[in-house]
Amino acid sequence: MANQTSLSFYEKHRFKYNFKRVMDVLILILLLLLLGYRIISLVNNYSFHWLVALICESWFTLGWIFTITTQWNPATIKTYPERLFQRLQLQELPAVDLFVTTADPVLEPPIMTVNTVLSLLAMEYPSDKLACYVSDDACSPLTFYALQEASKFAKHWVPFCKKFNVQVRAPFKYFSHVAYDHDLSTQQFKQECLRMKDMYDNLSRRIEEACRTSIPSCRLDGDFAIFLNTQRDNHPTIIKIIWENKEKHSEGLPHLIYISREKKPKHPHHYKAGAMNALTKVSGLMTNAPFILNVDCDMFVNNPKIALHAMCVLLDPKGQKEVAFVQCPQQFYGKLKNDPLGNQMVVLFKYVASGLAGLQGPFYGGTNCFHRRKVIYGLSPDEAEKENMSEKKLKQEFGASKELLKSAADVLEGRTYSPNHDINISKSLESANQVASCGYEYATGWGDQIGWKYGSITEDVLTGLSIHKKGWRSEFCTPEPIAFTGCAPIGLPTSMGQQKRWATGMIEIFFNKKYSPLVCTIFGKLHFRQFLAYMWIMNWGFQPIFEASYVCLLTYCIITNSNFMPQGPALSIPITLVVIYMLHTILEYLATKLSIQEWWNNQRMSRIYIMNARFSGFLALILKLLRISNTVFDITRKDQNFSSDDGEDCLDNNNNDDGGTFTFDESSVFVPGTTALLMQLAAMVIKIIGLVGSRSGNNNNNKINNKNNGYGSVCDMLCSVYLILCYWPFLRGIFRRGKYGIPFSTIFKSATLAFLFVSLCTQTISG
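For the structure given in this document, a descriptive report is provided here. (Residues numbered from 1 in each chain as written. Predicted model: local features only at pLDDT ≥ 70, side-chain atom pairs only at ≥ 80, totals over all residues. Heavy atoms only, no water.)

Scanning all chains against the criterion turns up 26 salt bridges. In this structure, Lys20 and Glu588 form a salt bridge, with 2.6 Å as the shortest nitrogen-oxygen distance. Remark: Glu588 occurs in helix H20 (residues 572-591) and Lys20 occurs in helix H1 (residues 18-44); sequence separation between them is 568 residues. Residue classification places Lys20 among the buried residues on the basis of a relative accessible area of 9%. (Salt bridge = Lys/Arg side-chain N within 4 Å of Asp/Glu carboxyl O. Helix = DSSP H or I, 4+ residues; strand = E, 2+ residues; numbered from the N terminus. Buried < 20%, exposed > 50% of the residue type's maximum accessible area, 1.4 Å probe, protein only.)

In structure tokens:
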């Protein structure tokens, strides 16, 4: 029998999807056959549109290689918290600093942040080992007020959760599903539960009332006086200790600190990465925990033991040497039936996440992630710790604060695990205000050598890539029940904005001189297959170029009666490819217990996102490179009813047709898709009524084309019909008004572009 003290705290299990592998390889073979046919045909009879098709299909093939290599070796881990306690006492567990980020009290309602904070404070972990830091990048007194009120409720909520072993510890979610067949459903439990529900309802009403009145200026006194005359982009540093666990009770309430870093006009603040670095510096002065958990304000704790599961990986003897961060997947509690917006990403997480777990590890997702502080401070796996780092070197990287230099030296030299570490966060306020000022990071290593990395609006992927570059691994932690759940974006404009930001950020990373995946592989320790995995996600920014070209090529060939599809027996290659791909993806959805309707919705939305949001993201990056405009970090709107009466859905699912779900606004992000739709409609009309003839003027060639192009032309038409079906919500939006209709300005721009392209095609024929 194995010595129990020698057992690992977690185990990695590798497995195979054999049928999926066969289908993936078959699709790759068909893609290569299609490329071979294109090349042979170009050698024998060159034509420009076939060259364009070859270039596009070559990129699609490369993208498919990125996909299958990412998913080829899936793995999962199983954690054993009971083994952790065979070696450690409860009070020997390391401290964890909890970071919550919010940036807009309108787009991210304070009651949402409150629920996330309450679920963190109530985790199954010694309270004196936890400190919760909330970054408010909007400098909103509403958020501060909500947290103050939440701290009063938390004094009752946290003991209630731990006493009755409550599973879901976000109050809005718990009270929407509470059942009185609890294991402890005694009269005492029922009374306590009803009391908690009344207290939470009162808390919600107070916060909602404050949001409606916006806390008038006459109330900006006392703790709120500092918010007077502040603007979201022009205000001093504001750090407030809302609650301090002075007695250091393990069953008490963890520290709760509010932070709004200093902002001034024309001073770069680096969006979320800047906020995360401010949290890192301030927490380094106050509690300096060796581990950090960061979550977005809408991601509440669904498994109260998640910190213990993460520690199983981070404290494992092997994990301590190799694992930099533990990423938990994002799953969503607010769902629309059949996922009409295609943003639940269930299949993506199942196959891609497990595939990444079998490589160097998952990407950093920006939320639901446990970090080692020493890794954030730039330590590599080859350096167990940095001893006797000179004060000059520390100052160059960490800045001028002597207190921060001392805390950083403690981390780098491995001196933060002491269970008796004396912490008095109130004494650190003056230093904390200094390091959170907007000018502190100038001429330091923050955002480059240490901390969250600057240079992309997808700072999460960039930061994770820089960590993998050093040779660190990462792990996925997927306990049952799932660790965190959040609210997916609802409404098409919100989802489009998120997708656009991702695409722009990926291209920014690709062209980053220091952290491009190619640079990290050649000059760093990024594994080759991990490089291919990063290229898979970088492709989110590049694929729109080739897909847009392919759509234009399809329109051109239909209008000019040109050969787009292979002729004769070779036509079976793309037909077989499409059939097998569709069957393959349908089976993936069915295996994940999703419906055919959900499969179609995701297929449709993938076309819409690529041609609209991601193409717009690519154009935004081009404008940035040309110094015409700068990229903008758009905050994703989170809409949710956080009353205790309804915590299930983000949107009413009973009225879930396209007209109710697909809303539009004046954003230019809808122009590419509307243009593509109008181009396909124009091509179909021209083809059906025969307004133009063949592009070639040679009669013999025309006879050959008429003989050979019959099936190919039908396939071209079917491709066009498929695109029109994908854009059916846009077609409906053209004829509707209000938020369910596409604005006239968008229609006018798209119609102009479509007309110019169709005219160019017809002129090509006459020429």
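One pass over the structure, following the stated rule, counts 48 aromatic pairs. A ring pair is formed by Phe153 and Trp157, whose centres lie 5.8 Å apart and whose planes are at 20°; its orientation type is stacked. Note that Phe153 and Trp157 are positioned in helix H5 (residues 141-163) at a spacing of four residues, about one turn of the helix. An identical accessibility class is assigned to Phe153 and Trp157; each is buried. Ring geometry for Phe227 and Tyr258: centres 6.0 Å apart, planes at 65°, overall edge-to-face. (Phe/Tyr/Trp six-rings, centres within 6.5 Å; stacked < 30°, edge-to-face > 60°.)

Counted residue by residue, strand E7 (residues 291-296) has six buried out of six residues, so it is predominantly covered. Neither face of E7 is left uncovered, since the one carrying Phe291, Leu293 and Val295 and the one carrying Ile292, Asn294 and Asp296 both have all their residues buried. Both strand E3 (residues 96-102) and E7 contribute to a ladder of six bridges, which runs parallel. Residue pairing for E7: Leu98 is matched across the bridge by Leu293. As judged from the four bridges shared by E7 and strand E11 (residues 369-372), these two strands associate in the antiparallel manner. Of the residues in E11, the one forming a bridge with Leu293 is Phe370. (Pairing = 2+ DSSP bridges.)

For the rest of this paragraph, the subject is the pairing of E11. Side-chain alternation along E11 places Cys369 and His371 on one buried face and Phe370 and Arg372 on a second face that is also buried. In terms of strand pairing, strand E9 (residues 323-327) meets E11 through three bridges, oriented antiparallel. Pairing of Gln327 across the sheet is with Cys369, part of E11.

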